[in-house]
Amino acid sequence: MTDMPWDDDSEALFASAASGGALCTVTAIDGSWSRRLGAQLAVLPDGSTRGSLADGCLEKALATEALAGGPARVLRYGQGSPFLDIRLPCGSGIEVMVDPAPDRAALTAACAALTGRRPAELAVGMTPQGPFVRRFLPKLRLVVLGSGPEVRALARLAAAQGIDCLVAGPSGEGDSDRTIALGQAPDLPVDPWTAIAVLFHDHEWERSILPWALATPAFYVGAQGGRGARETRAAMLAETGWAPEESRLRSPIGVFAHARTPSVLALSILAEIVAEHEKLLG
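Cut-offs and rules
Residues numbered from 1 in each chain as written. Predicted model: local features only at pLDDT ≥ 70, side-chain atom pairs only at ≥ 80, totals over all residues. Heavy atoms only, no water. Helix = DSSP H or I, 4+ residues; strand = E, 2+ residues; numbered from the N terminus. Buried < 20%, exposed > 50% of the residue type's maximum accessible area, 1.4 Å probe, protein only. Contact = heavy atoms within 4.5 Å. Areas by Shrake-Rupley, 256 points an atom, 1.4 Å probe, with all protein chains shown as cover. Pairing = 2+ DSSP bridges. Axes fitted to C-alpha atoms, helices over the stretch in contact; angles between N-to-C directions. pLDDT = per-residue confidence, 0-100. Core = buried A, V, L, I, M, F, W, Y, C linked by side-chain atoms within 4.5 Å. Parallel < 35°, antiparallel > 145°, perpendicular 65-115°, else oblique. Left-handed = near helix turned anticlockwise from the far one by under 90°. Nonpolar A, V, L, I, M, F, W, Y, C, P; charged D, E, K, R; others polar.

The next subject is the overall build of the protein chain. Counting its secondary structure elements, the protein chain contains seven helices and twelve strands. Expressed as lengths along the three principal axes of its C-alpha atoms, the size of the protein chain is roughly 65 × 35 × 30 Å. When each of the 282 residues of the protein chain is scored for burial, the buried share is 48%. Considering only intrachain contacts with a sequence separation of at least 6, the fraction spanning at least 24 residues in the protein chain is 57%. Taken as a whole, the protein chain presents about 13,200 Å² of accessible surface, with 54% of it coming from carbon and sulfur.

Right, dumping it as structure tokens:
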């Protein structure tokens, strides 16, 4: 399959749209549960599954129900369920909409919206709590501007995680996807589901890049640099009209107080970005 999301949040949707089969959606959670409300499992015509809901036992039970056909229905598992052989962690209970024949046109439309980097909604069906609509956001995209080993390390780590990553750097940087010029604002695709990381040691590049980045709808903007660089940066941003409390710039960048190698810095940055992206998903 192509154009898969960076994690498994939308994997079942794409799989069901591409291959047919059933779609199972968690529509209610009582107690603690390891997946978010709306988590989905696709049961394909050959009996294989895409997505994940638990440790495998629940997936097998749902696959059996889905392949049995019939109308869409809500089934309860765990606490308060008639299926006594399936226990969920911490005594929790969940309700799952099992739809053996979901609306293919609606699935295709949702996938097309996500591929076009637009939010999508899928009406799953009527539950005891009322109509349930599964909402999706476009997958995380990372834009990295800079030069040096930190840029390469972050791009490699993002690629290993399956995150779309666009690297922009000065002319002559062999690993760059796009070239940027000193003193000019970049012209790069940025939307509300994009994170921007600025990784220059020569902070003069930031004079045009950071005002541009902060004016974009990116959900995250961060820049590397020690205390001296941050002080100089704050003064520069103030000159361009960005008050520190309004700039939303993450600096120091990343979750670790001190990252002394490119690989550790890359891990620190990506962890912070993913954490912020999770907040968007709810």
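Still more ground to cover, so stick around.
Moving on, we come to the environment of C165. On the secondary structure map, C165 appears in strand β9 (residues 164-169). C-alpha of C165 to C-alpha of T194: the two residues are 29 residues apart in sequence and 9.6 Å apart in space. When residues no more than four places from it in sequence are discounted, the contact partners of C165 are L142, V144, A155, A158 and D177.

A separate point is the sheet that holds strand β5 (residues 93-99). If you trace the five strands from one edge of the open sheet to the other, you get β3-β2-β1-β5-β4, paired in antiparallel fashion. Both edges of this open sheet fall to β3 (49-50) and β4 (73-78), since each of them pairs with a single strand only. Where strand β1 (residues 22-30) meets strand β2 (residues 40-43), four bridges bridge the pair, whose relative direction is antiparallel. When the bridges of β2 are listed, A22 appears paired with V43. Most of the contacts of helix α1 (residues 11-19) go to β2, to which it runs at about 25 degrees, and overall it touches β1, β2 and β3. Along the sheet face, helix α2 (residues 57-67) touches β1, β2, β3, β4 and β5 and points at about 155 degrees away from the line of β4.

Predicted coordinates in areas of low pLDDT are best not read in detail. Looking at the protein chain, the pLDDT average stands at 90 and 94% of residues meet or exceed 70. Strand β11 (residues 194-199) holds the highest mean pLDDT among the elements of the protein chain, 98, whereas helix α6 (residues 227-239) holds the lowest, 88. Low confidence marks residues 1-6, where pLDDT is under 50. Its contacts with residues over four positions away, or in another chain, come to 21 contacts.

A separate point is the sheet that holds β9. Ordered by their spatial adjacency, five strands build an open sheet running β10-β9-β8-β11-β12, and the pairing between neighbours is parallel. For this open sheet the edge positions go to β10 (178-179) and β12 (220-223), each flanked by a neighbour on one side alone. Two elements, β11 and β12, share four bridges in a ladder whose sense is parallel. Counted as the bridge partner of A197 is G222 from β12.

Ranked by size, the top nonpolar core spans 22 residues in total, and within it L145, I196 and V198 carry the most contacts. Looking at this core, the element that brings in the most residues is helix α5 (residues 206-215), giving five residues. Look past the residues within four positions of I196 in its chain and what remains in contact with it is V143, L145, V190, W212, A213, T216, A218, Y220, V221 and G222.

Two elements in contact, helix α4 (residues 149-161) and helix α7 (residues 262-281), have axes whose closest approach is 8 Å; the angle formed by their N-to-C orientations is 55 degrees. When the interaxial angle is binned, α4 and α7 end up oblique. Of the two elements, α4 crosses α7, and the hand of that crossing is right-handed. On the side of α4, the interface is formed by P149, E150, A153, L154, L157 and A158, while α7 contributes P262, S263, L265, A266, L267, I269 and L270. Across the contact of α4 with α7, the residue classes break down as eleven nonpolar, one polar and one charged.

Glancing now at the pairing of β4. Taking burial as the measure, the six residues of β4 include five buried ones, the bulk of the element. Here β4 pairs with β5 via six bridges, running antiparallel. Note on β5: the bridge partner recorded for R76 is E95.

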